[in-house]
Amino acid sequence: MSKPQIRPAEGARYSRILGVGGYRPVRVIPNSEVLEWIDSSDEWIRTRSGIEQRRWAGPEESVAEMSVQAAGKAIAQAGISPEQIGGVIVATVSHLKQTPAIATEIALRLGCGTAPAFDISAACAGFGYGLGVADGMIRGGNAEYVLVIGVERLSDLTDKSDRSTAFIFGDGAGAAVVGPSDVPGIGKLIWGSDGSQADVISQTAAWDTAFAKPDAVNGAGDELKWPALRMEGQPVFRWAVWEMAKVAQQALDAAGITADQLGAFIPHQANMRITDAMIKALKLPATVPVARDIAETGNTSAASIPLAMERMLESGEARSGDLALIIGFGAGLVYAATVVTLP
Ligand SMILES: CC(C)(COP(=O)(O)OP(=O)(O)OC[C@H]1O[C@@H](n2cnc3c(N)ncnc32)[C@H](O)[C@@H]1OP(=O)(O)O)[C@@H](O)C(=O)NCCC(=O)NCCS
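Just so it is clear, the model here is predicted, and its values are computed rather than measured. (Residues numbered from 1 in each chain as written. Predicted model: local features only at pLDDT ≥ 70, side-chain atom pairs only at ≥ 80, totals over all residues. Heavy atoms only, no water.)

A.B. asks: So, the site of the ligand: which residues are in play, and what are the values?
C.D. replies: In the neighbourhood of the ligand, 23 residues make up the surrounding shell, with Ser40, Arg163, Met231, Gln234 and Asn271 lying closest. Ser40 is positioned with one of its side-chain polar atoms (N or O) 2.5 Å from a nitrogen atom of the ligand. In this structure, Trp44 approaches the ligand through a side-chain N or O atom, which is 3.4 Å from an oxygen atom. For the ligand, the accessible surface in isolation is 950 Å², of which the surrounding protein chains cover 72%. (Near = heavy atom within 4 Å. Polar contact = N/O pair within 3.5 Å; in protein donor to acceptor, adjacent residues only side chain to side chain. Areas by Shrake-Rupley, 256 points an atom, 1.4 Å probe, with all protein chains shown as cover.)

Dropping the structure here:
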């Protein structure tokens, strides 16, 4: 007797982004306010990072609330109903409860029925990681529509006295609905990690260390100090400039697209100088619009690419149907790049 054979899931041939939406917290923090916490200058922050202001979430603007707002816009733009969503992926490093994942609450609040919902921790590459997983779910036949959310409240993890990070981070949420498509709308994902550099961006201490020995976190003293994000700016900067331009080029090559065919370049909003260095390395024609959302939004990690994408589409800098090169990179270290058709 022949062995029974499992019937495999069968999905769509291709997938694409059908809708994108963002949420930006109400409270704007200009550089002048940052100068109340650290010894710096508006000029230094602008020229070294390109940041003019960032937004920090208020008490009501929780990770879940910002996600629901952003996702609602993405779902409306996709023209589907929440019940049709067959997967909710939330990329975040700033949901402060270890378990359960925040994705299940978000799925419930959006009305996504019993859709599988889970968080992924891939820092500033989180949106790209989520997009890759969503593409696999749809083409593998395990979901028809998948919601990918990148959301952060990095202000909760920022040490306002740390000169090397206090001016960088912002809060916000960006979301995309990914669904089936007759034509390819998401290229091969070029993604990876380098655990040998895990220390260059990380939380100052694990929760157990922080609670057991508070002075291990932020210096001596008995007071329990909240762990924050710590970063070695220069190694991160060098890695981003040298290695990530190569990854971006690989994503273009894998998609069979040349730089001059792009309608937008949407890199993770880490630092305007990193973006400029990548533009040079990729020999990006001056005609290709580049996301520069960092000036007003700061570095919002997993939220930065979908937020920048939404802004470019809303402002008319990029148009629906254009090809966009996206690349995220950050703590892990991790990275993810691909070419997508804009919704
Ligand atoms: C953080 C970053 C903007 C710092 O810029 P930098 O040019 O590397 O700055 P450095 O740390 O070399 O410091 C240069 C000088 O500025 C000073 N400096 C550092 N922070 C400062 C601040 N906030 N304000 C004013 N001066 C500052 C330093 O003391 C140093 O002074 P010195 O030359 O007299 O010693 C930059 O390294 C960076 O963007 N790195 C990547 C960050 C990133 O992308 N992170 C996210 C990845 S997801």
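From this point on, the discussion continues.
A.B. asks: I'd like a rundown of the packing of helix H8 (residues 233-255) against helix H9 (residues 272-281), residues and numbers included.
C.D. replies: Contact pair H8 / H9: the axes reach a minimum separation of 9 Å and the direction vectors enclose 25°. With respect to each other, H8 and H9 are oriented roughly parallel. Here H8 runs over H9; the crossing is right-handed. Of the residues in H9, those in contact with Phe237, Ala240, Val241, Met244 and Ala245 of H8 are Arg273, Ile274, Ala277, Met278 and Ala281. Residue composition of the contact of H8 with H9, grouped by class: nine nonpolar, no polar and one charged. (Axes fitted to C-alpha atoms, helices over the stretch in contact; angles between N-to-C directions. Helix = DSSP H or I, 4+ residues; strand = E, 2+ residues; numbered from the N terminus. Parallel < 35°, antiparallel > 145°, perpendicular 65-115°, else oblique. Left-handed = near helix turned anticlockwise from the far one by under 90°. Contact = heavy atoms within 4.5 Å. Nonpolar A, V, L, I, M, F, W, Y, C, P; charged D, E, K, R; others polar.)

A.B. asks: Account for H9, naming residues and giving values.
C.D. replies: Listed as buried for H9 are Met272, Ile274, Thr275, Met278 and Ile279. Considered in projection along H9, the buried side chains sweep an arc of 160° and stay on one side of the axis. Check the buried side of H9 and you find it contacts helix H2 (42-49), H8, strand S11 (264-267), helix H10 (294-297) and strand S12 (323-330). Two or three places before Arg273, at the opening of H9, Asn271 has a side-chain oxygen 2.7 Å from that residue's backbone nitrogen. Positioned one or two residues after H9, Lys283 has a phi angle of 50°, which is positive. (Buried < 20%, exposed > 50% of the residue type's maximum accessible area, 1.4 Å probe, protein only. Arc of directions from axis to C-beta.)

A.B. asks: Break down unusual backbone geometry for me, with residues and values.
C.D. replies: A negative phi angle is the norm for most residues apart from glycine, just as the trans form is the norm for most peptide bonds. Across the junction of Thr99 and Pro100, the peptide omega takes the value 0°, indicating a cis bond. Here Pro100 lies in the loop between strand S4 (85-91) and helix H4 (102-110). Across the junction of Gly332 and Leu333, the peptide omega takes the value -15°, indicating a cis bond. In this structure, Ala123 is a non-glycine residue whose phi angle is positive, near 45°. You can see Ala123 is positioned in the loop between strand S5 (117-120) and helix H5 (126-140). Overall, the relative accessible area of 6% leaves Ala123 in the buried class. In the Ramachandran plot, Lys283 falls in the positive-phi region, its phi being about 50° despite a non-glycine side chain.

No statement about biological role is implied by the geometric values presented.
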